[in-house]
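A look at the structure
If you want the building blocks of each chain, they are given just below.
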Amino acid sequence: MSPYGLFFDQTLAVAQRLLLEQWRQRRGLIFWAVFPAAMMLLFGLVYAHNANMRAGLDAAAAGILIGAALFFSCLGGTVSIIAAERERHTLRRLLASPLHPTAYFLGVVLAQLVLATVQVLMLYSIAWLIGARYHGSLLLGSLILLLSVFAYVGMGFFLGARFARRSEEVVVALSAIGVPLLVLGGTFFPLEIMPAAMQAVAQLNPMLHMNQAFKGVAAYNLGIAELRFELVFLCVFCVISLALGLRSYQHLRIADQKV
Amino acid sequence: MTVALQIDGLFKRFGKQQVLNGFSLQVRRGEVIGLVGPNGCGKSTVLNIICQLLQADTGQVQLMGQPMLAQSAHARTLIGYCAQQTALYPDLFPQENMHFFARLYGVPAAQRNARVDELMERFHLLPYAATRAGQLSGGWLQRLSLAVALVHRPELLVLDEPTVAVDLEARMDLWRLIEGLRDSGTTILLTSHHLAEAERLCNRVALMRGGRVVAEGSVPDLISRVPGQAVAKVQSQDKQAVIQRASELGWSVRQRAGNLGLLLSQPLSLREIVDALDGCKVSAVSVDPVTLEDAYLELIDLKHDSCSCFE
């Protein structure tokens, strides 16, 4: 098998294994589906109740997808994957195998992309039923989602490698580090109502740019030209994310030596 | 016999603790060699370095004649690693676990099914083909773990205490499987706490202490290094008298875990021993041939240790 063929097959093997495991633990999948669906329904009820807020429903759907659904499945899911590899000691087998760290990272991205696609379809089906609409380019929206998943997985690798040694620590790591990033990402409050210093810090937060980019396309039909800053930021962050992921994999090797 | 693994002068320090202290070992192709030693003597550290889970501070490891660091990714494909913990995916079926690792190791798709089927049969896992790994008992998990380590036909199989967490019956089963591998020419490096395991499975045994090999050889060779042909284990209310009498008779005396062991230069009957120790208030005597355990205790020099960790 050529090195490229091996790399490709390793990536697919990791993704397929993760999806198969997800499928076998269907309870987890149900929770991941229920959470964004419930959020969308609740937001839908609130927006429908206030006539002057109805216009914001399209943006709310986009925000829930990025800030709730993908945050928990792609970021939280990746932290869980790393913690589980450690707990089950499979990490040692992986580290002793010729699995390329990038293939492992991309395998996780691929698996999370499949889950994200299902979430997008499910969430937008509910959103459509309660009156929200997607206005922009599907291709651009897909690109932003791809970049978002990539960025979330990179952050998940970092949090998982550094802060979540056991599965019990996954929630702690997500709550302590992930949720503040959500707040700074404009998921709960618009950026404009934050103090200037917070706004400046928020500009460094990839979640803000994911939110703004996807809301821009989905709710306001913005194109590449209007979103170029967010897109460039996300592309750069994806490169950083890959580096972060690979470095975190290396950290796992070092941390595993100390166990 | 060609050399599969050549290790020279490994040193490894964790903080203030010097875990490996000039460890050297040669493993020839087709042989099973056991690393035996007390807890913390560096057995697992050696395996971790061989499997590239750890880097030595200094020293050299050559696998199949090539320096390990220079062929990192390739070297991994030559080794099959079976850790102390079974390290499997609990939600996957046995064959799915094997398929996954076969893909990571680059086993061609055309050969993968046949190889997995072969291992399922060889390790008697077929009745559990529809059972998730997480639902298998400890012994079957360890079997599966061993099968996974072999899925890519490694040149060297590294087993870190392969029977440490299984019951006696499962241990015997695993021993039979490892014997089968040995008889088919698989090169195996294993660590063990069970001297009986090393005695039964290994062509050669390396006794470790303080991060280095203190003695190595075949089991008969190690036993022959004990200055005696039999060991008399003696219980007495007057140990000093026994020690004095034994030295008068020219027998070496070993005191371990409160018991006296007398290394006899020639096999004697119980009657002869009791007669020889007349007046030493002997309450019980047994005579056994020298075993690997005696060789271990003799060669590794545990006399200052408060306990030994062997069964």
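Attention in this report is confined to the structure presented alongside it.

**Details of the pairing of strand S2 (residues 17-28) of chain B**
Residue and element names in this part refer to chain B. The sheet contact formed by strand S1 (residues 3-14) and S2 spans nine bridges and is antiparallel. Each bridged residue has a counterpart across the sheet, and for Arg13 the counterpart in S2 is Gln18. Taken together, S1 and the strand that follows it, S2, pair antiparallel across an intervening segment of two residues, in which Gly15 is found at a positive phi of about 60°.

**Quick word on the interface of chain B and chain A**
Taken together, the 23 residues of chain B in the interface contact 22 residues of chain A. A per-element tally of the side of chain B that touches chain A places helix H3 (residues 94-104) of chain B first, with four residues. Per-class residue counts for the side of chain B that touches chain A are 16 nonpolar, four polar and three charged.

**As for the nonpolar core**
Counting 174 residues, the largest nonpolar core has A:Ala61, A:Ile64, B:Ala147, B:Val151 and B:Val158 as its most contacted members. Both domain 1 (3-223) and domain 2 (228-289) of chain B contribute no fewer than three residues apiece to this core.

**Some remarks on the pairing of strand S10 (residues 212-217) of chain B**
All names here are of chain B. Where strand S9 (residues 204-209) meets S10, five bridges bridge the pair, whose relative direction is antiparallel. If you follow Met208 over to S10, its bridge partner there is Val213. Joining the antiparallel neighbours S9 and S10 is a turn of two residues, in which Gly210 adopts a positive phi near 60°.

**A word on unusual backbone geometry**
As a rule of thumb, non-glycine residues mostly have phi less than zero, and peptide bonds are mostly trans rather than cis. All names here are of chain B. With a phi close to 60°, Gln52 is a non-glycine residue in the positive phi region. Look at Gln52 and you get buried, because 21 C-beta atoms sit within 10 Å. If you check the backbone angles, Met64 has positive phi at about 50° while not being a glycine. The topology assignment puts Met64 in the loop between strand S4 (58-63) and strand S5 (66-67). Given 18 C-beta atoms within 10 Å, Met64 falls into the partly exposed group.

**Quick look at the packing of helix H5 (residues 101-129) of chain A against helix H6 (residues 138-163) of chain A**
Residue and element names in this part refer to chain A. Following both chains from N to C, one finds H5 and H6 inclined at 130°, their axes separated by 9 Å at the closest point. With respect to H6, the axis of H5 lies oblique. Along this stretch, H5 crosses H6, giving a crossing that reads as right-handed. Residues Phe105, Val108, Val109, Gln112, Leu113, Ala116 and Val120 of H5 touch H6, and the partners they reach there are Leu145, Leu146, Val149, Phe150, Val153 and Phe157. Across the contact of H5 with H6, the residue classes break down as 12 nonpolar, one polar and no charged.

What counts as what
- Residues numbered from 1 in each chain as written.
- Chains lettered and ligands numbered in written order.
- Predicted model: local features only at pLDDT ≥ 70, side-chain atom pairs only at ≥ 80, totals over all residues.
- Pairing = 2+ DSSP bridges.
- Helix = DSSP H or I, 4+ residues; strand = E, 2+ residues; numbered from the N terminus.
- Contact = placed C-beta atoms within 7 Å.
- Nonpolar A, V, L, I, M, F, W, Y, C, P; charged D, E, K, R; others polar.
- Core = buried A, V, L, I, M, F, W, Y, C linked by C-beta atoms within 7 Å.
- Buried ≥ 20, exposed ≤ 12 C-beta atoms within 10 Å, placed from the backbone.
- Domains from an automatic or database assignment.
- Axes fitted to C-alpha atoms, helices over the stretch in contact; angles between N-to-C directions.
- Parallel < 35°, antiparallel > 145°, perpendicular 65-115°, else oblique.
- Left-handed = near helix turned anticlockwise from the far one by under 90°.

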